[in-house]
Amino acid sequence: MPVPPPFTEQDLLDAAGDKSYSRGEGYLDAVANLTEEDPGYVTAVVYGNDTYAVVLEYGADGLTGDCDCPYGEQGYFCKHCVAVGLVFLRSATAHPVEAAQATTFDLRAYLASLDPHELVDLLDEAARSDPDLRRRLTLRAARTDGGAGPDITSIREHLGRALRTYGYLDRRGAYAYAEAVADIAETLRELYEGAHHVAVIDLSARALSLIGTALDEIDDSDGGITEEGEALVELHAEACAAASPDPAELAEWLINFQLANHNWPELAIRDYTEPLGETGITHYAARLRAIQEDRAGRHDEHRWLIRHLREDLAKVRKDTDAQVEALADDLTHGYAYLRIAQVLAAADREAEALDWAERGFTEHPNEPRLADYLTQRYSAAGRDADTLKIRWEQFRHQPSVALHSQVLEAARAIGELDHYRAETLRLLRAAAGERPTGTWAARVLIDVLLADEHFDQAWKAAETFGANRDHWLRLAEACQTTRPTEALAIYVREAAALIKTMGNDAYARAADLLARARDVSRATGHEPEWQEHFTKLRTEHHRKRNLTAELTRRGLI
């Protein structure tokens, strides 16, 4: 009697969801090397943008899938898992297993029955052909060293081999590298729990340096390496706190590591305040000051980093003036002024904070976060006229629909709404007339007039300054009762443009516009004009069967 498959298509749908399941149905021909070597496990590869390895596991806990595609690595049951499952089910249906064949082999019981020497030989043979298994066994052996305690030298040598790279690693290589990082982090955590804190300081520091260097040549776009590596960052700081190394030596190591300018990890002095103590922090500050003075006047990649380290040091020391000094080292952007204002406000130095923010806005009127900071302060103080001044300056330099609303809101607060409504429109019309820079102002002008339901003015602005496709369609919809002939022409014109781009999506959108044009013509008594437009369009494109299907679906033919 045939044994039913261990899972169903519904199980695949439940695991994947509608979208991934539907996509998986299109990948059936891309599945290869499907095997069921052990009951409960199905393995295969799927060819897509890359070659992906898939493992399906089923049992009492249900169906799970593992795939090394970007989506699968986030823990999702992806389309490749669905494809493997469907191919397996179809094969199981075509070639059912008889009940007499469907026995479950107890591998664990078999291994337990082996002589220890046989088991060692078997495991050694497997490790020789499986680098991941060999890495895990080597690390485990070094952690115990036959019961004599951890072999730190062996762990250090293994760490160097596992984390050193020889050229570029793609995403698949990055996945294997992340597994190596995870194994090393687990080993060092065990050493830490065994009170080998000094060894953990040395080993984790070496690991972080190797990873930081290697990442320059690794595609870690999925973030797996840095995610696993965070455990090493935490371990190093914890081990330093537990072992109490020489504060000056730790300060020297920390600043040298930070200045190596790795993209990762970003070690922060705040995580080392306990082991550094006042002695170490003082040494760190002196070294940082000397480096700053030595590099004064240079404009290289270290300038931002040194400024960042100075700011972090000032935070640790709770030195507001030093923090301001660090931030003020680069005032070429408005955000620096905002940061300074926020630091001073947090120290209850409100007057200085406001002064810095005002100076910053004078220099950088296009920094919206600075403008928002100032208007919040002005509003809280009842300085409505100053709020309006800020919003008007913003609008003048960079007009937008949102800023138009903010200007009018501020103007309303001081009784100047009508004046500023007229002024904003005057400014937009003047800017829209300047070519080629006026395109943006023209778009804002039309958006503002449409939002205020000044449809006729918006139409005239579009005719005068030009409008994009979206604006003309919005204008047609707004004016289809007052300008039915023009609206009808716009719908037909835009539908014709979509049809020329071809594609089923374009045909569907074109058909929607034509249906809208028909409804307008019926409602306004312009059916003859509509019919003339539509007949011409149908004659020109009558060979496009998919377009005809979309038109039929909407009752147009």
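What counts as what
- Residues numbered from 1 in each chain as written.
- Predicted model: local features only at pLDDT ≥ 70, side-chain atom pairs only at ≥ 80, totals over all residues.
- Heavy atoms only, no water.
- Helix = DSSP H or I, 4+ residues; strand = E, 2+ residues; numbered from the N terminus.
- Expected span 1.5 Å × (residues − 1).
- Buried < 20%, exposed > 50% of the residue type's maximum accessible area, 1.4 Å probe, protein only.
- Arc of directions from axis to C-beta.
- Contact = heavy atoms within 4.5 Å.
- 1 Å grid on protein atoms, 1.4 Å probe; cavity = no way out; pocket = protein on both sides within 12 Å on 5 of 7 lines; lining within 4 Å.
- Points joined across faces, edges and corners; volume = space filled by probe spheres on them.
- Nonpolar A, V, L, I, M, F, W, Y, C, P; charged D, E, K, R; others polar.
- Axes fitted to C-alpha atoms, helices over the stretch in contact; angles between N-to-C directions.
- Parallel < 35°, antiparallel > 145°, perpendicular 65-115°, else oblique.
- Left-handed = near helix turned anticlockwise from the far one by under 90°.
- Phe/Tyr/Trp six-rings, centres within 6.5 Å; stacked < 30°, edge-to-face > 60°.

A rise of 1.5 Å per residue sets the reference length of helix H20 (residues 417-432), with its 16 residues, at 22 Å; its end C-alpha atoms lie 22 Å apart and thus fit the reference within 8%. Of all the residues in H20, the buried ones are Leu417, Tyr420, Thr424, Leu425, Leu427, Leu428 and Ala432. One face of H20 carries all of its buried residues, which in axial projection span an arc of 160°. Buried residues along H20 sit against helix H18 (384-397), helix H19 (401-413), helix H21 (438-451) and helix H22 (455-465).

Time to look at empty space enclosed by the protein. On inspection of all chains with the given rule, the structure shows two cavities of 30 Å³ or more. For the largest cavity, the calculated volume is near 60 Å³. Breaking the lining of the largest cavity down by element, the ones donating at least two residues are strand E4 (51-59) and helix H8 (171-193). By residue number, the principal contributor to the lining of the largest cavity is H8, which donates three residues. Here the lining of the largest cavity is composed, by residue class, of two nonpolar, one polar and five charged. Considered as a void within the structure, the second largest cavity measures approximately 40 Å³ in volume. The wall of the second largest cavity is formed by Ile499, Leu514, Phe534, Leu537, Arg538, His541, Leu547 and Leu551. At the level of secondary structure, the elements contributing two or more residues to the lining of the second largest cavity comprise helix H26 (527-540) and helix H27 (545-553). It is H26 that provides the largest number of residues to the lining of the second largest cavity, a total of three residues. For the lining of the second largest cavity, the class distribution of residues is six nonpolar, one polar and one charged.

For the pair H18 and H19, the least separation of the axes is 9 Å and the interaxial angle reads 155°. Between H18 and H19, the angle is such that the two are roughly antiparallel. When the axes of H18 and H19 are compared, the crossing they make is left-handed. The residues of H19 that touch H18, namely those facing Asp384, Thr387, Leu388, Arg391, Trp392, Gln394 and Phe395, are Leu403, His404, Gln406, Val407, Ala410, Ala411 and Ala413.

Attention now moves to the packing of aromatic side chains. For the structure on display, the rule yields 10 aromatic pairs. Between Phe7 and Phe88, the ring centres sit 5.5 Å apart and the planes meet at 25°, which makes this aromatic pair stacked. Taken together, the positions of Phe7 in the loop between strand E1 (2-3) and helix H1 (9-16) and Phe88 in helix H3 (residues 79-94) put the pair 81 residues apart, joining distant regions of the chain. Here the two residues Phe7 and Phe88 agree in accessibility, since each one is buried. For Phe88, a relative accessible area of 8% corresponds to the buried category.

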